[in-house]
Amino acid sequence: MTTTIAVIRGDGIGPEIMDATLRVLDVLHPGLQYDFVQAGVAAQEACGELLPQATLDAIARHRVALKSPLTTPVGGGFSSINVQLRKHFDLYANVRPAVSFPNTRSRFAESVDLLTVRENTEGAYIGEGQQTSDDGATATLIQKVTRKGSERIVRYAFDIARRTGRKKVTVVHKANILKSTSGLFLKVAREVAAEYPDIACNELIIDNCCMQLVMRPEQFDVLVTTNLFGDIISDLCAGLVGGLGLAPGANIGTDVAIFEAVHGSAPDIAGQGIANPCALLLGAGQMLDHLGQPEAATRLRRAIHDTLEARDRTTPDLGGSGTTAGFADAIISRLGA
Ligand code: NAI
Ligand code: MG
């Protein structure tokens, strides 16, 4: 069966890891076709626009996109294209698994298998109402949390727990201090949790949660939280399993889903051909699950596991001396029939 997805090659290490990922996908899912579209600085250079209408149209048409990282300038400059895409398509659930693999530089051997479910469309992270006073002395933004936004993300977390055989959802908040915004999120989370008696639920304040994640990550199963907290703890969770090179993420909405790596464009190693392609590959695995190809997704995750176990051509972030392309070849050689 032929399926077409939109593909954004991104910038920085983006094109390198995307080329590697598509070579692996070609073997796993020969019926998959790619509609290459542009976004971010690459689009600006090509056509003078950061997020061309043609890109939005293609993603809307295909309903599934695989996206490499896009650079966002720090401080000033244009606002994040990633955030714009999430907003435009109302991709409210950001689903980020962190799973232990062998032979990484993680401090935790094989004990981590958790899922961060992050609200993706509201809260401080989207930067609504950002203002700096004329004298530059005061900066403000609006932090808005809604019942609707909270309810659908918590429900998503419980539903995915149920669907994937997970047993517990931890609600991560700061309702002791942020009584209005985090308070509403927690109140709604408690109401939703009551509808899922088969799934255990506990609550943790974000700062304690970070400490617990570092001390005893094996106690966690699914974490659900608001946008900015989810951004931060998902990088922490990536650190638990060997770094950003192994952390994928899915942005899920009602109509459209965009799959990516958690990491950014890594300007410090871009152009050297040494970026780890596994985060984007694992994002492609989430995409295969979403496309109804769970066997292909399982084959991919097993091949990555086996390649890491053999330390075959792994990249420098994992302690190896391999290249992006060589690592992808090593994974392809383990895909089997
Ligand atoms: P980053 O995630 O690009 O890099 C952080 C560190 O991890 C760097 O030392 C980098 O070399 C390393 N790293 C990241 N991915 C790697 C990989 N696949 N293999 C090996 N090492 C890897 O974060 P940074 O430097 O804070 O951000 C760079 C740019 O990326 C910024 O413009 C930021 O806005 C953007 N960004 C984009 C995201 C997206 O498109 N979804 C997500 C996060 C950041
Ligand atoms: Mg982030």
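Quick caveat, the model's predicted, so the values are computed rather than measured. Here the residue index of a chain counts from 1 through its sequence in written order. The lettering of chains begins at A and the numbering of ligands begins at 1, in the order of writing. Since the coordinates come from a predicted model, pLDDT governs what is reported: local features require at least 70, and pairs of side-chain atoms require 80 or more to be given and counted, while whole-chain, interface and lining totals use all residues. Side-chain metrics in this entry use all non-hydrogen atoms of the structure; hydrogen atoms and water are not considered.

A short note on the layout of surface pockets
Over the atoms rolls a probe the size of a water molecule, and its path tells where empty space is left. Note the threshold: Site definitions follow a grid-based scheme: protein atoms alone, a 1 Å grid, a 1.4 Å probe that fits but cannot get out for cavities, and for pockets an open set with protein on both sides within 12 Å along at least five of seven lines, plus lining residues having an atom within 4 Å of a point. Grid points are joined across faces, edges and corners, and a volume is the space filled by probe spheres set on the points. In this text, helices come from DSSP runs of H or I with a minimum length of four residues, and strands from runs of E with a minimum of two, each type numbered from the N-terminal end. All residues other than Ala, Val, Leu, Ile, Met, Phe, Trp, Tyr, Cys, Pro, Asp, Glu, Lys and Arg, Gly among them, are scored as polar; the first ten of these are nonpolar and the last four charged. Start and end positions for the domains come from either an automated domain assignment or a database one.
In this model, the largest pocket occupies a volume close to 1100 Å³. Around the largest pocket, the lining is made up of 47 residues, and of these Leu 70, Thr 72, Asn 82, Tyr 125 and Gly 264 lie nearest the centre. Listed by contribution, the elements that provide at least two residues to the lining of the largest pocket are helix 4 (81-88), helix 8 (227-240) and strand 12 (257-261). Looking at the lining of the largest pocket element by element, the count peaks at five residues for helix 4. Per-class residue counts for the lining of the largest pocket are 20 nonpolar, 17 polar and ten charged. For the lining of the largest pocket, the two domains that each supply at least three residues are domain 1 (1-112 + 244-337) and domain 2 (122-240). What the second largest pocket holds in volume is close to 670 Å³. In terms of lining residues, the second largest pocket is bounded by 23 residues, among which Pro 97, Leu 115, Gln 286, Asp 289 and Arg 301 are the most central. Of all the secondary structure elements, the ones that give two or more residues to the lining of the second largest pocket are strand 4 (93-99), strand 5 (113-119), helix 5 (147-163), strand 11 (248-252), helix 9 (278-290) and helix 10 (294-309). Looking at the lining of the second largest pocket element by element, the count peaks at four residues for helix 9. When its residues are assigned to classes, the lining of the second largest pocket shows 13 nonpolar, five polar and five charged.

Considerations on the packing of helix 5 against helix 6 (residues 181-193)
Each packed pair of helices is defined by two parameters, the angle between the axes and the distance between the axes. Applicable threshold: Note on geometry: axes are C-alpha line fits, over the in-contact stretch for helices, and angles between N-to-C directions span 0 to 180 degrees. An angle below 35 degrees is read as roughly parallel, one above 145 as roughly antiparallel, one from 65 to 115 as roughly perpendicular, and any other as oblique. Take the far helix as your reference; a near helix turned counterclockwise from it by less than a right angle gives a left-handed crossing, and one turned clockwise gives a right-handed crossing. Any two residues whose heavy atoms approach within 4.5 Å at even a single point are treated as in contact.
Two elements in contact, helix 5 and helix 6, have axes separated by 9 Å at closest approach and are oriented at 45 degrees. Between helix 5 and helix 6, the angle is such that the two are oblique. In the packing of helix 5 onto helix 6, the handedness of the crossing is right-handed. From helix 5, Arg 147, Ser 150, Glu 151, Ile 153, Val 154, Arg 155 and Phe 158 reach across to helix 6, where they touch Leu 184, Phe 185, Lys 187, Val 188, Ala 189, Glu 191, Val 192 and Ala 193. Its residues placed into classes, the contact of helix 5 with helix 6 shows nine nonpolar, one polar and five charged.

Overview of the sheet that holds strand 8 (residues 168-173)
How we decide: The pairing criterion is simple: DSSP has to find at least two bridges between the two strands.
Pairing is mixed across the open sheet formed by ten strands, whose spatial order is 2-1-3-12-11-4-5-10-8-9. At either margin of the open sheet sits one strand with a lone partner, and together these are strand 2 (32-37) and strand 9 (200-205). Each neighbouring strand pair of the sheet contributes to a mean axis angle of 25 degrees, computed without reference to strand direction. By the bridge criterion, three bridges tie strand 1 (residues 3-8) to strand 3 (residues 64-67) in an arrangement that is parallel. Across the sheet, residue Ile 8 finds its bridge partner in strand 3, namely Lys 67. Strand contacts of helix 5: strand 4, strand 5, strand 8, strand 9, strand 10 (222-225) and strand 11, with the helix running at about 160 degrees to strand 5, the strand carrying the most contacts.

Digging into the domain arrangement of the chain
Worth spelling out the cut-off: Only one rule defines a salt bridge in this text: a Lys or Arg side-chain nitrogen within 4 Å of an Asp or Glu carboxyl oxygen.
Domain boundaries assigned for the chain yield domain 1 (1-112 + 244-337) and domain 2 (122-240). For domain 1 versus domain 2, the separation of C-alpha centres amounts to 24 Å. Residue-level contacts link 17 residues of domain 1 with 17 residues of domain 2. Across the domain 1-domain 2 interface, the total number found is one salt bridge. A salt bridge links Asp 90 to Arg 152; the shortest N-O distance between them is 2.8 Å.

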